[in-house]
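Now for the letters of each chain:
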Amino acid sequence: MNKMQRLDPLDRSLLDEFQRDLPLVSRPFAAMADTLETSETVVIARLSALQDAGLVARVGATVQPNTAGSSTLAALAVPEHRIEEVAAIIGDEPGVNHSYLREDEWNLWFVPTAPTARELAGSLERIARRTGLRVLDLPLVRPFNIDLGFRLTGPRQTLRSKTPPDPAAILPGDRPILQAMAEGLALTPRPFAQLAERLKSSEIHVIERLAALSASGILTRIGVIVRHRAIGWRSNAMVVWDLPQERIETAGLALAGLPGVTLCYQRRTVPGIWPFGLFSMIHARSRQEALDVLGAGAALPELSGAYHRTLFSTRCFKQTGALVHREEAAT
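None of the values given here were measured: they were computed from a predicted structure.

Rules used in this analysis
Residues numbered from 1 in each chain as written. Predicted model: local features only at pLDDT ≥ 70, side-chain atom pairs only at ≥ 80, totals over all residues. Heavy atoms only, no water. Helix = DSSP H or I, 4+ residues; strand = E, 2+ residues; numbered from the N terminus. Contact = heavy atoms within 4.5 Å. Buried < 20%, exposed > 50% of the residue type's maximum accessible area, 1.4 Å probe, protein only. Polar contact = N/O pair within 3.5 Å; in protein donor to acceptor, adjacent residues only side chain to side chain. Pairing = 2+ DSSP bridges.

## A short note on the side chain of glutamate 203
By secondary structure assignment, the location of glutamate 203 is in helix H9 (residues 203-215). In this structure glutamate 203 touches Ser26, Arg190, Phe192, Ala193 and Ala196, once residues within four positions along its chain are discounted.

## Here's the deal with helix H2 (residues 9-17)
Here H2 has its buried residues at Leu10, Asp11, Leu14, Leu15 and Asp16. Between a side-chain oxygen at the N-terminus of H2 and the backbone nitrogen of leucine 10 the separation is 3.1 Å; the capping residue is aspartate 8.

## Comments concerning helix H7 (residues 174-183)
When you tally the buried positions in H7, you get 7 out of 10 residues, the bulk of the element. Among all positions in H7, only Asp174, Ile177, Leu178, Gln179, Ala180, Met181 and Ala182 are buried. In the core, the buried residues of H7 are packed alongside strand E1 (56-63), helix H8 (191-198), H9 and strand E8 (219-226). Looking at the residues trailing H7, positive phi occurs at glycine 184, about 115°.

## Side note on the pairing of strand E9 (residues 237-242)
Among the 6 residues that make up E9, 5 are buried, leaving the element largely enclosed by the rest of the structure. Bridging between E9 and strand E11 (residues 278-282) involves 5 bridges; their strand directions are antiparallel. By the bridge assignment for E11, valine 239 is matched with serine 280. Pairing geometry for E9 and strand E12 (residues 307-319), over 6 bridges, is antiparallel. Paired with aspartate 242 across the bridge in E12 is tyrosine 307.

Geometry only, nothing functional implied.
Dropping the structure here:
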């Protein structure tokens, strides 16, 4: 029995119903409690316990990559005896928000984020210098689906597409709000008021800006951010596909619409080293479940004949929110 099955019905409902669409009202946890027919106090206590247990990363938001800041996907080919050392070096970079060990020659994968492209480049340069290893830098070209909020119970579903982001919607003063949501809200009755006080703003302004940033696609979702491996979804695979440039769009759209595919996007290739331009993620409770989803994907007409490589994740070193703003930069 996995950890999700051991959770009681209220905890499962919290994780299933509120990974997105957190109520943007003064007392969001009270609104959640009304839906779940319980009390605000109970909702806050349950979320706090789930967070303390490491099953929930935060209640906050995820930011569309390369809108409010800069990010990329990177990898290193690390000798077995250096994995712990190199993972610690990568983890030292405050902008690295995900770091995973995967089954491949390029075995240590991470997502560095930064407020600017220059700072992102500096982070990659420091990692290369400190490790003495080549960094495989694979910038995002096009997202087909980057919303990882999927139901943890019931049949697998197609994840809905999001509004294409509009970076022009970001106003002066929004970045501190985005950073706060990437770090997570306080689990208090009026978390937006507490955030507004810290930012020397007003509760209504914070709520209005979050609604606008969500509607414009800058925020991919607002809600409970789950740690999938901790909750029992441990057989997670990054599947990469080698396709001609002219086939990637149709293949990506088809793959993103397949139930069980939780992420799908196009990234830049590295000629002679990394020919795979289409990336997809499958989150599953068992390796066979993941392979079944992969089989369905490989059978899609749009992916006919495409060579693919499957990189199962074996260990998570770091999972946190993106770095899109530094407090000192405000002055």
